[in-house]
Amino acid sequence: MIKWKLLRAFSAFPSDETKKILEEYLVKSRAPALRWEAARSLAQTGTQHCLTILEKARNEEKNSLVKRMIDLSMAKLKKQNKEFRSTPGTKVHETCSLLGISSLDRKAPSEVGQ
């Protein structure tokens, strides 16, 4: 129970150390409830790197409920990236508008260099 609570709390701390801990639990934990919570918490951090972690874990996951949470988490991250690029007032949206191109065709800052 304590491990589960800690994994849940990590969703509020998007540091690299936190992501490494969540990734380790997602990939190595034998407890489906901990893998489920690790997937949910990774989605809360909202980074492109987390999407990559979730995609890799989904391919290896055997538990259907954990796999479903990974799918939901990936969908949430993809939606957040799309909303960021299309939200007026963000630097990406303003720059794209000045250049006369759709911000949806541009990569989010977390995707640059990938």
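Coordinates for the structure precede this section.
Residues numbered from 1 in each chain as written. Predicted model: local features only at pLDDT ≥ 70, side-chain atom pairs only at ≥ 80, totals over all residues. Heavy atoms only, no water.

Caption draft 1: Expanded view of the environment of Arg58. Here Arg58 shows up in helix H4 (residues 48-60). Between the C-alpha atom of Arg58 and that of Ala39, which follows or precedes it by 19 residues, the distance is 9.6 Å. Excluding residues within four positions of it along the chain, Arg58 makes contact with Lys67, Ile70, Asp71 and Met74. (Helix = DSSP H or I, 4+ residues; strand = E, 2+ residues; numbered from the N terminus. Contact = heavy atoms within 4.5 Å.)

Caption draft 2: Inspection of the packing of helix H2 (residues 16-28) against H4 at higher detail. Interhelical geometry of H2 versus H4 gives an angle of 10° and a closest axis separation of 10 Å. Classified by the angle between their axes, H2 and H4 sit roughly parallel to one another. In this structure, H2 contributes Lys19, Glu23, Leu26 and Val27 to the contact, and H4 contributes Cys50, Ile53, Leu54, Ala57 and Glu60. A class-by-class count of the residues in the contact of H2 with H4 yields six nonpolar, no polar and three charged. (Axes fitted to C-alpha atoms, helices over the stretch in contact; angles between N-to-C directions. Parallel < 35°, antiparallel > 145°, perpendicular 65-115°, else oblique. Nonpolar A, V, L, I, M, F, W, Y, C, P; charged D, E, K, R; others polar.)

Caption draft 3: Broad picture of the side chain of Ser73. Here Ser73 shows up in helix H5 (residues 64-86). For Ser73, the residues in contact, after removing those within four places along its chain, are Ala39, Arg40, Ala43 and Leu54.

Caption draft 4: The pattern of salt bridges, seen in detail. Tallied over the entire structure, the rule returns four salt bridges. When the shortest N-O distance is used, the salt bridge between Arg8 and Glu37 registers 3.4 Å. Remark: Glu37 occurs in helix H3 (residues 32-45) and Arg8 occurs in helix H1 (residues 2-9); sequence separation between them is 29 residues. Among the residues examined, Arg8 registers a relative accessible area of 36% and is labelled partly exposed. The salt bridge partner of Glu37 is Arg40, with a shortest N-O separation of 2.6 Å. Residue Glu37 and its partner Arg40 are both found in helix H3; the two are separated by three residues, about one turn of the helix. Arg40 gets classed as buried once you look at its relative accessible area, which sits at 15%. Connected through salt bridges with shared partners, the residues Arg8, Glu37 and Arg40 form a single ionic network. (Salt bridge = Lys/Arg side-chain N within 4 Å of Asp/Glu carboxyl O. Buried < 20%, exposed > 50% of the residue type's maximum accessible area, 1.4 Å probe, protein only.)

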